[in-house]
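# Analysis of the macromolecular model
Single-letter residue listing:
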Amino acid sequence: EAGVAQSPRYKIIEKRQSVAFWCNPISGHATLYWYQQILGQGPKLLIQFQNNGVVDDSQLPKDRFSAERLKGVDSTLKIQPAKLEDSAVYLCASSRVDGGGAETQYFGPGTRLLVL
Amino acid sequence: KQEVTQIPAALSVPEGENLVLNCSFTDSAIYNLQWFRQDPGKGLTSLLLIQSSQREQTSGRLNASLDKSSGRSTLYIAASQPGDSATYLCAVPNSNSGYALNFGKGTSLLVTP
């Protein structure tokens, strides 16, 4: 089965510019996550979708970040305007729950953002 | 709020050594615990998932244990190889928001030939 796809893989922008990232989850996975991973840190949840509804966006800086998951499949994450501290790897993950109730998350390769 | 801590932050060992990576968490009411591997510039690969009712899981040269009562997990790597060099991350689900994961900062492992 195809994995989680993300694009672009790398992006360099200047502060105050806008940027958007795209994620295509594994087919059939209802849950989609966006995580932010700053260098030297573990990933931190930004937003979680269940189908096309938001489950948790408590850590999303809503004054500059937005995300959507139209039709419950692909998702986009946007930053407008970007700040220097937004430089990080943005990871998308999708998940399924098996018959035993265990949930496994599958991660994409990430988008590495550098804000100058 | 769940806090996940990993020790050590970095580790360098010669090839062939057995090694242990440590993970601790503050809230013992977890569904499960996962260990991930992250190679430079790459995404995360799940290595082992231990359910809350389990004490350990094994996959090849990897063995992960879980002690919920003490809030600890260990990842044991036997007979380390240079190809094991990567960052290893421990994660537990956020009990307040379903399955979203709380990660530690990771242990950066270097296995030298």
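Here goes a summary of the coordinates provided. Residue numbering note: each chain is counted from 1, following its sequence as written. Numbering of ligands from 1 and lettering of chains from A proceed in the order in which they are written. pLDDT decides what is reported in this predicted model: residues at 70 or higher carry local features, side-chain atom pairs at 80 or more are listed and counted, and totals for whole chains, interfaces and linings draw on all residues regardless. Hydrogens and water molecules were not included; the side-chain quantities draw on all heavy atoms of the structure.

## Some points on the overall build of chain A
Scanning chain A from N- to C-terminus turns up 0 helices and 11 strands. Helix and strand labels come from DSSP, where a helix needs a run of H or I of at least four residues and a strand needs a run of E of at least two; each type is numbered from the N terminus. Going from the N terminus to the C terminus, chain A shows its helices and strands as β-β-β-β-β-β-β-β-β-β-β. Put simply, the radius of gyration uses C-alpha atoms, and a globule should come to 2.2 Å times the residue count raised to 0.38. At 14 Å, chain A has a C-alpha radius of gyration in line with the 13 Å of a compact globule built from 116 residues. Each of the three principal axes of chain A carries a C-alpha extent, and together these read 45 × 25 × 25 Å. Only protein chains enter the area calculation, which uses a 1.4 Å probe; residues under 20% of their type maximum are buried, those over 50% are exposed, and those in between are partly exposed. Put simply, chain A has 116 residues, and 44% of those count as buried. The contacts in chain A between residues at least 6 apart in sequence include a share of 52% that link residues at least 24 apart. When the accessible surface of chain A is totalled, it reaches about 5,700 Å², and 51% of it is carbon and sulfur. We treat Lys and Arg as the positive residues and Asp and Glu as the negative residues; His and chain ends play no part in the count. Where a charge lies is defined by one atom per residue type: Lys uses NZ, Arg uses CZ, Asp uses CG and Glu uses CD. Here chain A contributes 13 positively and 11 negatively charged side chains, and the mean placements of these two sets differ by 6 Å. The contact criterion used is simple: two residues touch if any of their non-hydrogen atoms lie within 4.5 Å. Using the Shrake-Rupley algorithm and a 1.4 Å probe, accessible areas are obtained, with residue cover drawn only from the displayed protein chains.

## A closer look at the sheet that holds strand β1 (residues 5–7) of chain A
All names here are of chain A. Strand pairing requires that DSSP identify at least two bridges connecting the strands. Taken in spatial order, the 4 strands of this open sheet run β1-β3-β8-β7, and their pairing is antiparallel. Only two strands of the sheet have a single neighbouring strand rather than two, namely β1 and β7 (65–68). Averaged over all adjacent pairs, the angle separating strand axes in this sheet is 15°, with direction ignored. Pairing between strand β3 (residues 19–24) and strand β8 (residues 75–79): 5 bridges, direction antiparallel. Among the inter-strand pairings, valine 19 is bridged to a residue of β8, identified as isoleucine 79. Helix axes are fitted only over the stretch in contact, all axes being lines through C-alpha atoms; the angle between N-to-C directions runs from 0 to 180 degrees.

## Overview of the nonpolar core
Of all hydrophobic cores here, the largest spans 22 residues; its most connected members are Phe25(B), Leu33(B), Trp35(B), Leu75(B), Ile77(B), Tyr88(B) and Leu109(B). Within the residue set of this core, elements represented by two or more residues are β3 (19–25), β4 (32–38), β5 (44–51), β7 (62–67), β8 (72–77), β9 (86–93) and β11 (107–112) of chain B. The definition of a nonpolar core used throughout is a set of buried Ala, Val, Leu, Ile, Met, Phe, Trp, Tyr and Cys residues joined through side-chain atoms within 4.5 Å. Counting residues in hydrophobic clusters, the runner-up holds 21 residues, among them Leu32(A), Leu46(A), Phe65(A) and Leu77(A).

## Some thoughts on the state of the cysteines
Any two cysteine sulfur atoms lying within 2.5 Å of each other are counted as a disulfide. In total, this model carries 2 disulfides over all chains according to the counting rule given. Cys23(A) shares a disulfide with Cys92(A); S-S distance 1.9 Å. Measuring the twist about the S-S bond at about -70°, one finds the Cys23(A)-Cys92(A) disulfide to be left-handed. Highlighted residues: Cys23(A) in strand β3 and Cys92(A) in strand β9 (residues 88–97), separated in sequence by 69 residues. Both residues of the pair, Cys23(A) and Cys92(A), belong to the buried class. The disulfide that involves Cys23(B) links it to Cys90(B), with 1.9 Å between the sulfurs. On the sign convention where negative means left-handed, the S-S torsion of about -55° between Cys23(B) and Cys90(B) marks this disulfide as left-handed.

## Examining a nonpolar patch on the surface
All names here are of chain A. A contiguous nonpolar patch, built from Ile12, Leu114 and Leu116 and spanning about 300 Å² of accessible area, is present on the exposed surface. Along the chain, the position of isoleucine 12 falls in strand β2 (residues 10–13). On the basis of relative accessible area, isoleucine 12 is assigned to the exposed category, the value being 59%. Here, patches come from residues exposed beyond 30% relative accessible area and free of salt bridges, joined within 9 Å for like charges and within 5 Å for nonpolar side chains (Val, Leu, Ile, Met, Phe, Trp, Tyr). The term salt bridge refers to a side-chain nitrogen of Lys or Arg lying within 4 Å of a carboxyl oxygen of Asp or Glu.

## Description of the pairing of β9(A)
All names here are of chain A. Judged by how many residues are buried, β9 sits mostly within the fold: 8 of 10 residues are covered. With 7 bridges connecting them, strand β4 (residues 31–37) and β9 associate as antiparallel partners. Of the residues in β9, the one forming a bridge with glutamine 36 is tyrosine 90. Pairing geometry for β9 and strand β11 (residues 111–115), over 3 bridges, is antiparallel. Residue valine 89 lies in a different strand from β11, and its bridge partner there is arginine 112. Remark: 5 residues form the turn of the hairpin made by β9 and strand β10 (residues 103–107), two consecutive strands paired antiparallel; glycine 101 in that turn has positive phi of roughly 90°.

## Topic: the packing of aromatic side chains
Stacked, edge-to-face and tilted labels apply to pairs of Phe, Tyr and Trp rings (six-membered ring for Trp) whose centres lie within 6.5 Å, assigned for plane angles under 30 degrees, over 60, and everything in between, in that order. In total, this model carries 8 aromatic pairs over all chains according to the counting rule given. Ring plane angle 90° and centroid distance 5.7 Å describe the contact between Tyr35(A) and Phe103(B), whose orientation is recorded as edge-to-face. You can see Tyr35(A) sitting in strand β4 and its partner Phe103(B) sitting in strand β10 (residues 101–103), one on each of two chains. Like Phe103(B), Tyr35(A) is buried. Ring pairing ties together the aromatic residues Tyr33(A), Tyr35(A), Phe107(A), Phe36(B) and Phe103(B), which thus form one cluster.

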